[in-house]
Every structure is written in structure tokens, then in C-alpha cells.
Amino acid sequence: MTTRQLNIVATLLSVFIPVTVLILLTPDLLPKLNLPFDPYALPKFYAGINAFTAFILLAALYFIKKKNMKVHMRLIYTAMSLSAIFLVCYILYHWSTDPTSYGGQGIMRNVYYFLLLSHILLSAVLTPFVLFTFVRGFTGQYDRHKRLARWAFPMWLYVCVSGVLCYLMIAPYYPV
């Protein structure tokens, strides 16, 4: 693919992914999907993916600081793959279940909703940053890649970590 084609794909995905998530977070907009397994197993799985992705991102940063581009690239490919798996699991979960309400009270309720809101908003903003940063690196535009990565990396790391924290806070309230 050419850089132009990759940019078009990144642009389309930057719109498609947040719109899809928004649709799935709107109850009763789509008929529920019946999965052949318990969909409530998915949040634990994709929280694990988020935790592992955070670790991979930190390792990728370490290796690029050591000027080991080969390992850095492999780690970023891994992080991108994990994020794609996360997205599929997230979509399956929200398409097949009703929303779960947070049952905590007091300050923890405020902390949870702050984390959740910042996580969701940054996820939407993050999508084009990650995709275009990846395209820049993939196509050898390393100066442009580095400029975007300075923004994409901390957002991506925050989204991964806040996703795990949100999971840990809401997990007790999932139906059993």
C-alpha cells in the first residue's frame, strides 16, 4: 500500500471505530448479539489485554530510547495487534450485553466516573493519533512519527491503564 492509501485507511478507521463504539454504547439501538459463550468473560480478558499492552508500550519506549528500532517495531506491531483484539472483544461484549451500572458510592463513584469519562474521551482522540503515528513509522517518516508519538504514547498508555482501573472498579457489579 502507498502512504496515501494507508492514510485513507487510517482516516476511515479514525471515524469508524469511535462511531461504532458510540452506537454500541447506546442501549437498544441494535438487537443484542447472542454469543456461544458467556460474554461477561470478555471484560476480564480485554482488561488483561490492556494491561499487557501498557507493558508492551513501556518496553517499546525503552527499546527506542536504546536505539533498537527492530525490537521497538516488533513491540509496536504487537501493541497494535493487541489493540485490534481488544477492539473486537469490546465490540462483542457491548453488542451482546446490557450496560452495567457502577454501584460504588461516595468519592469512589466520582473517581470511577472521572476515569471512565477520561478513558472514553481519550480513546476517541487517541485512535487517529495511534493510526497516523503507526503509518508514519511504517512508511519510514521517522521525524513525523516521532513528533506524533510524543502525543500518542502518553495517551495510549493512559487509556490502557485507565481501562484496567475501570474494569477493576466495575467488575464487582457485573451480573453473575
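Here, the structure is the one placed above.
In this report, we go over the structure that sits alongside the text.

Thresholds, definitions, all that
Residues numbered from 1 in each chain as written. Predicted model: local features only at pLDDT ≥ 70, side-chain atom pairs only at ≥ 80, totals over all residues. Heavy atoms only, no water. Core = buried A, V, L, I, M, F, W, Y, C linked by side-chain atoms within 4.5 Å. Buried < 20%, exposed > 50% of the residue type's maximum accessible area, 1.4 Å probe, protein only. Helix = DSSP H or I, 4+ residues; strand = E, 2+ residues; numbered from the N terminus. Contact = heavy atoms within 4.5 Å. Patch = residues over 30% accessible without salt bridge, like charges linked within 9 Å, V, L, I, M, F, W, Y side chains within 5 Å. Areas by Shrake-Rupley, 256 points an atom, 1.4 Å probe, with all protein chains shown as cover. Salt bridge = Lys/Arg side-chain N within 4 Å of Asp/Glu carboxyl O. Lys, Arg positive; Asp, Glu negative; His and termini not counted. Charge placed at Lys NZ, Arg CZ, Asp CG, Glu CD. Polar contact = N/O pair within 3.5 Å; in protein donor to acceptor, adjacent residues only side chain to side chain. Disulfide = S-S within 2.5 Å. Phe/Tyr/Trp six-rings, centres within 6.5 Å; stacked < 30°, edge-to-face > 60°. Axes fitted to C-alpha atoms, helices over the stretch in contact; angles between N-to-C directions. Left-handed = near helix turned anticlockwise from the far one by under 90°. Nonpolar A, V, L, I, M, F, W, Y, C, P; charged D, E, K, R; others polar.

1. Topic: the nonpolar core
Right, on to step 1. Formed by 39 residues in total, the largest nonpolar core has its most connected members in Y46, L57, M80, Y112, L126 and W156.
Right, on to step 2. Those elements that provide at least two residues to this core are α1 (3-24), α2 (42-65), α3 (69-96), α4 (106-138) and α5 (142-170).
Right, on to step 3. Not counting the four nearest positions on each side in its chain, L57 is found in contact with I76, A79, F153, W156, L157 and C160.

2. Here we look at the environment of L87
Right, on to step 1. Along the chain, L87 turns up in helix α3.
Right, on to step 2. In this structure the C-alpha to C-alpha distance between L87 and D98, which are 11 residues apart in sequence, comes to 18 Å.
Right, on to step 3. Ignoring sequence-local partners within four residues, the contact set of L87 consists of I17 and V21.

3. Things to note about a positive patch on the surface
Right, on to step 1. A surface patch of like charges, here positive, comprises K65, K67, K146 and R150.
Right, on to step 2. Position of K65 relative to the elements: it lies in helix α2.

4. Considerations on the environment of S162
Right, on to step 1. By the secondary structure assignment, S162 is in helix α5.
Right, on to step 2. On the basis of relative accessible area, S162 is assigned to the buried category, the value being 1%.
Right, on to step 3. For the pair S162 and Y112, spaced 50 residues apart in sequence, the C-alpha to C-alpha distance is 9.6 Å.
Right, on to step 4. If near-sequence neighbours (up to four positions away) are discounted, S162 is found in contact with L115 and H119.

5. Side note on the side chain of S14
Right, on to step 1. Note that S14 resides in helix α1.
Right, on to step 2. Judged by relative accessible area, S14 falls into the buried class, the value being 13%.
Right, on to step 3. Within the local environment of S14, its side chain forms a polar contact with the backbone oxygen of A10, the two atoms lying 2.7 Å apart.
Right, on to step 4. Residues contacting S14, with those up to four places away along its chain left out, are T127, P128, L131 and F132.

6. Regarding the state of the cysteines
Right, on to step 1. Scanning the model with the defined rule gives 0 disulfides in all.
Right, on to step 2. Of all cysteine sulfurs in the structure, the one in C160 sits closest to C89, which takes part in no disulfide; the separation is 14 Å.
Right, on to step 3. No disulfide involves C160; its nearest neighbouring cysteine sulfur is the one of C166, lying 12 Å away.
Right, on to step 4. Residue C160 is classed as buried on the basis of its relative accessible area, which comes to 2%.

7. Some words on the packing of aromatic side chains
Right, on to step 1. This structure, assessed with the given rule, holds 16 aromatic pairs.
Right, on to step 2. Measuring from ring centre to ring centre gives 5.7 Å for Y77 and F134, while their planes differ by 70°; the resulting arrangement is edge-to-face. Here Y77, found in helix α3, pairs with F134, found in helix α4; they are 57 residues apart in sequence, far enough to count as distant.

8. Considering a nonpolar patch on the surface
Right, on to step 1. Residues V15, V19, I23, L29, L30 and W95 make up a contiguous nonpolar surface patch of about 490 Å² in total accessible area.
Right, on to step 2. The element that contributes the greatest number of residues to the nonpolar patch is α1, accounting for 3 residues.
Right, on to step 3. Tracing the sequence through the fold places I23 in helix α1.
Right, on to step 4. Classification of I23 as partly exposed rests on a relative accessible area of 32%.

9. A closer look at the packing of α3 against α4
Helix packing for two helices is described by the angle between their axes and how far apart those axes are.
Right, on to step 1. At their nearest, the axes of α3 and α4 sit 12 Å apart, and the two run at 145° to each other. Between α3 and α4 lies a crossing whose hand is left-handed. Residues I76, Y77 and M80 of α3 form the contact with α4, whose own contacting residues are V130, L131, F134 and F138.
Right, on to step 2. Split by residue class, the contact of α3 with α4 holds 7 nonpolar, no polar and no charged.

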